[in-house]
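Structural features, examined
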Amino acid sequence: MKSAFFIRMFPKETPIKLLIEHAAILEEISRLIKPLIESWFQNKDIYEEMRFISKRESDADEIKFQIRKMLSQSVRTPFAVKDILDYLHLQDSLIDRFEDVAKKLSLNKVEGLDDYIKEKVMELTDQVIQSIDYLEDMIREVRKVITYSFPSKLLKKEANSYVKIEDIENKVDDISIEIGKWIYSKKKEINPVDLIFFREMVLILVHITDRAENTAELLNAFLK
Amino acid sequence: MTILIIAAVIGFVMSMAIGANDVANSMATAVGAKAITIKQAVIIAALLEFTGAFFFGKMVTETIRKGIVDPSLIKEPNIMIAGAFAALVAAALWVFISTFFALPISTTHAVVGGMTGFGIVAVGWGAINWGKMLFIVSSWFLSPLLGGILAYLVFRFISWAILHREFPLTAARKVGPFLIGLTFFIVMLMFFSKALHMDINSKPLLWSSLFGVGVMVLSFFILKRVKPKNDEYGAVERIFRKMQVVTSCYVSLSHGANDVANAIGPLAAIYAVVTTGVVGAQAGIPKYLLGLGGLGIALGVAVLGYRVMQTVGDNITELNNTRGFSIDFSTATTVFLASVFGLPVSSSHTVVGSIVGVGMARGLEAINLDIIKKIALSWLLTVPLSAVTAALLYKLFIGWF
């Protein structure tokens, strides 16, 4: 039946739909990271949580392969294939970074973290989660942008979300400086290996926001 | 007379297959965009396909009947009967092959190839009206291209005039009636020209304009009642959902007008020879033959269309009504224009052209362009293969008649 070629022409699954599914996993993982860090601060076993995050990361990888396969099979979207693949790479690397945090935390416990630094790290985590929320909103809105044929109203909304992520990145920089100062102030009290470990963990969180900003910037650029 | 009855049966079965196969061309986007239900799609398509075939199908049928093979060069009536019969059977075979293997093969190309194959074998290369053939073949390239360009422009216009405005709903209430009026203007102009056989001069133009304006005013009041529920864009889509019902009808009408020839063209050639006893007589195509083709298409839609639409509706990504409207309007206008010039074009390929056009205008979330390669391949293969099939069948049949 010729209906078959309509079905082939309009695939039920689209790269944009899958990118949104991929972003939903990113958001889910970002929300899991906060209780994970809280548990780590309380010296609880986080192995199961870490395994679950790894499993979701594998699910995201499957979606990534599906998108790549679709784009290699001549499925086209309103955006350049390269832009989509670059975006996918960045979004996927965010998931990888969260998995890195979970794996890293499962490796070691750090003694001597006071309430001040725990609060600062939780503040940092909240900002990281917030940046991912905005990013997820942005990619979710892309469908609307396509549906309504790229109206300036929606493009402005997308640009505003990008600005919000940029603001978060600035806040995160400030928090990271405070955390950095605290780390170096403890060089005589806490085991240096633990301090290096803790610093690396904080840096991954900081890099997530940096990367979220880059990802939002790319999205914003190819929407225009 | 027996051969005429057998040919009529094959022509009827083939028109049923065309109806069942091609209902997706006219209704897939409307069902995909939830503008109409599957049941409504089937009823509308059946009625409009018949109307298109019965009132507007003559020109293209004439082209298939006597435009490809020059009848004046065929001396013996039995050559024409065997040849047209071979072309009909070859095209029918291709319809079934394309149905079975889900190939985007055009029945139009198959029947034109069939007539060409028999002409070359029966009389020689000189029997083919190459000028006309060139015109037909060029229309196969031009129709998807024109459909694509038109769809691109229509969707760009909708984006500019409605979707990019500060108040899209207000803009849609103003622009929508104009687009509906324009659709009715074109349909009425074709009706005066092709069904009532009037020359396109000031009188049909005036009546068509009046009709178009009347519909425009009426739809202005209907669309005025559409209120925004959640957002303005949603209301715009609801307006286009109503408008897409009109353009789906338009596609069905134009499809019936163009594609009835694929089943009835060779049958009309046989009819002319059987009833007059000579080849090349100026016998017209009786209305009841077009009616038979139209009925077959309508029956094909009614019997198998539901399943086809269900498959399409369940398996394609949801389309927006603004896109559906742009695709339908462009396809129908292109196929309708081709019918006016007596050009047998592939409505399936024109739809594909229109879809690509909207895609080029960044209107679709995803399209699989892989199908275009398959279409290009089918263009290269269908005509020679159906020509060879018809030539072989002719050799077989000529011994019987």
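Above this note sits the structure.
Residues numbered from 1 in each chain as written. Chains lettered and ligands numbered in written order. Predicted model: local features only at pLDDT ≥ 70, side-chain atom pairs only at ≥ 80, totals over all residues. Heavy atoms only, no water.

We now examine the overall build of chain A. Secondary structure summary: chain A contains seven helices and one strand in total. Moving toward the C terminus, one meets the helices and strands of chain A in the order α-α-α-β-α-α-α-α. Taking the principal axes of the C-alpha coordinates as reference, chain A spans close to 75 × 35 × 25 Å. Of all 224 residues assigned to chain A, the portion counted as buried reaches 56%. Surface accessibility of chain A: about 10,000 Å² in total, with carbon and sulfur atoms responsible for 50%. (Helix = DSSP H or I, 4+ residues; strand = E, 2+ residues; numbered from the N terminus. Buried < 20%, exposed > 50% of the residue type's maximum accessible area, 1.4 Å probe, protein only. Areas by Shrake-Rupley, 256 points an atom, 1.4 Å probe, with all protein chains shown as cover.)

As a further point, take the nonpolar core. The biggest cluster of nonpolar side chains holds 108 residues, and the ones touching the most others in it are Trp40(A), Phe79(A), Ile179(A), Phe198(A), Ile208(A) and Ile162(B). At 15 residues, the largest contribution of residues to this core is made by helix α7 (residues 192–223) of chain A. Once residues within four sequence positions are removed from consideration, Trp40(A) is found in contact with Ile46(A), Leu105(A), Asn108(A), Lys109(A), Val110(A), Leu113(A), Phe197(A), Phe198(A) and Met201(A). In terms of nonpolar packing, the next biggest core, distinct from the first, is built from 96 residues, Ala33(B), Met115(B), Trp140(B) and Leu343(B) among them. (Core = buried A, V, L, I, M, F, W, Y, C linked by side-chain atoms within 4.5 Å. Contact = heavy atoms within 4.5 Å.)

Right, let's talk about the interface of chain B and chain A for a bit. Contacts between chain B and chain A engage 52 residues on the former and 34 residues on the latter. Interface of chain B and chain A: buried area, both sides summed, is about 3,900 Å²; carbon and sulfur atoms make up 60% of it. In terms of surface lost to chain A, no three residues of chain B exceed Tyr233(B), Arg362(B) and Glu365(B), which account for 21% of the buried area on that side. Linking chain B with chain A are one salt bridge. (Buried area = accessible area lost by both parts, 1.4 Å probe. Salt bridge = Lys/Arg side-chain N within 4 Å of Asp/Glu carboxyl O.)

We now examine the pattern of salt bridges. All names here are of chain A. If you walk through the whole model with that rule in mind, you get 19 salt bridges over all chains. Here Lys34 ties to Asp126 by a salt bridge, and the two come within 2.9 Å at their closest N and O atoms. Taken as a pair, Lys34 in helix α2 (residues 15–41) and Asp126 in helix α5 (residues 115–147) lie far apart in primary sequence, 92 residues in all. Here Lys34 falls in the partly exposed class, since its relative accessible area comes to 26%. For Asp126, a relative accessible area of 33% gives the class partly exposed. Lys120 is paired through a salt bridge with Glu178; the nearest N and O atoms lie 2.6 Å apart. Of this pair, Lys120 sits in helix α5 while Glu178 sits in helix α6 (residues 152–185), and the two are 58 residues apart along the sequence. Residue Lys120 is classed as buried on the basis of its relative accessible area, which comes to 12%.

A few words now on the environment of Val42(B). All names here are of chain B. Tracing the sequence through the fold places Val42 in helix α2 (residues 38–56). Through-space distance from the C-alpha of Val42 to that of Val301 is 6.2 Å; in sequence the pair is 259 residues apart. Look past the residues within four positions of Val42 in its chain and what remains in contact with it is Val301, Ala302, Gly305 and Tyr306.

It is worth spelling out the side chain of Thr108(B) at this point. Residue and element names in this part refer to chain B. For Thr108, the position within the fold is in helix α5 (residues 107–122). A distance of 3.3 Å separates a polar side-chain atom of Thr108 from the backbone oxygen of Val345. When near neighbours in sequence (up to four residues on either side) are disregarded, Thr108 contacts Trp140, Asp259, Asn262, Pro344, Val345 and Ser346. (Polar contact = N/O pair within 3.5 Å; in protein donor to acceptor, adjacent residues only side chain to side chain.)

Here we take up the packing of helix α6 (residues 130–163) of chain B against helix α9 (residues 232–276) of chain B. Residues and elements named next belong to chain B. The geometry of α6 relative to α9 is characterised by a closest axis approach of 12 Å and an angle of 130° between their N-to-C directions. When the interaxial angle is binned, α6 and α9 end up oblique. When the axes of α6 and α9 are compared, the crossing they make is right-handed. Between α6, through Ile158, Ile162 and Leu163, and α9, the contact on the second element is made entirely by Tyr233, Val236 and Phe240. Its residues assigned to classes, the contact of α6 with α9 comprises six nonpolar, no polar and no charged. (Axes fitted to C-alpha atoms, helices over the stretch in contact; angles between N-to-C directions. Parallel < 35°, antiparallel > 145°, perpendicular 65-115°, else oblique. Left-handed = near helix turned anticlockwise from the far one by under 90°. Nonpolar A, V, L, I, M, F, W, Y, C, P; charged D, E, K, R; others polar.)

Residue and element names in this part refer to chain A. Of note, the phi angle at Ser74 is positive, near 70°, even though the residue is not glycine. Mapped onto the fold, Ser74 is located in the loop between α3 (47–72) and β1 (75–76). Unusually for a residue other than glycine, Ser149 sits at a positive phi of about 60°. The residue Ser149 is located in the loop between α5 and α6 in this model.

What follows covers helix α12 (residues 347–360) of chain B. All names here are of chain B. Helix length check: α12, at 14 residues, gives a terminal C-alpha distance of 20 Å against a target of 20 Å (1.5 Å per residue), a fit within 8%. Near the N-terminus of α12, the side chain that reaches the backbone nitrogen of His349, with its oxygen 3.0 Å away, is that of Ser346. Remark: Arg362 follows α12 within two positions and exhibits a positive phi of approximately 60°. (Expected span 1.5 Å × (residues − 1).)

Right, let's talk about a positive patch on the surface for a bit. Residues and elements named next belong to chain B. A surface patch of like charges, here positive, comprises Arg225, Lys229, Arg241 and Lys242. Assignment of secondary structure puts Lys229 in the loop between α8 (202–224) and α9. Residue classification places Lys229 among the exposed residues on the basis of a relative accessible area of 66%. (Patch = residues over 30% accessible without salt bridge, like charges linked within 9 Å, V, L, I, M, F, W, Y side chains within 5 Å. Lys, Arg positive; Asp, Glu negative; His and termini not counted. Charge placed at Lys NZ, Arg CZ, Asp CG, Glu CD.)

For the rest of this paragraph, the subject is the packing of α9(B) against helix α11 (residues 321–340) of chain B. All names here are of chain B. Orientation of α9 relative to α11, taken along the N-to-C sense of each, is 25°, at an axis distance of 8 Å. If you check the angle between α9 and α11, you find them roughly parallel. The two elements α9 and α11 cross, and the hand of that crossing is left-handed. In terms of residue class, the contact of α9 with α11 is made up of 13 nonpolar, 12 polar and four charged.

This brings us to the packing of aromatic side chains. Enumeration over the complete set of coordinates arrives at 21 aromatic pairs over all chains. With centroids separated by 6.1 Å and ring planes inclined at 65°, the aromatic side chains of Trp182(A) and Phe198(A) adopt a geometry described as edge-to-face. Taken as a pair, Trp182(A) in helix α6 and Phe198(A) in helix α7 lie far apart in primary sequence, 16 residues in all. Grouping residues by exposure puts Trp182(A) and Phe198(A) together as buried. Every member of this aromatic cluster is reached through a ring pair, and the members are Phe56(B), Phe240(B), Tyr250(B), Phe325(B), Phe329(B) and Phe336(B). Sitting over the ring of Trp160(B), Arg165(B) keeps its end group 4.8 Å from the ring centre. The residue whose ring lies beneath Arg362(B) is Phe150(A), and the NZ or CZ to ring-centre distance is 4.0 Å. (Phe/Tyr/Trp six-rings, centres within 6.5 Å; stacked < 30°, edge-to-face > 60°. Lys NZ or Arg CZ within 6 Å of the ring centre and 35° of its normal.)

What follows concerns a nonpolar patch on the surface. Residues and elements named next belong to chain B. Together, Met1, Ile5, Val9, Val13 and Phe96 give the surface a local cluster of nonpolar side chains, amounting to about 500 Å² of exposed area. Sort the elements by how many residues they give to the nonpolar patch and helix α1 (residues 2–32) lands first, with three residues. On the secondary structure map, Phe96 appears in helix α4 (residues 77–101).

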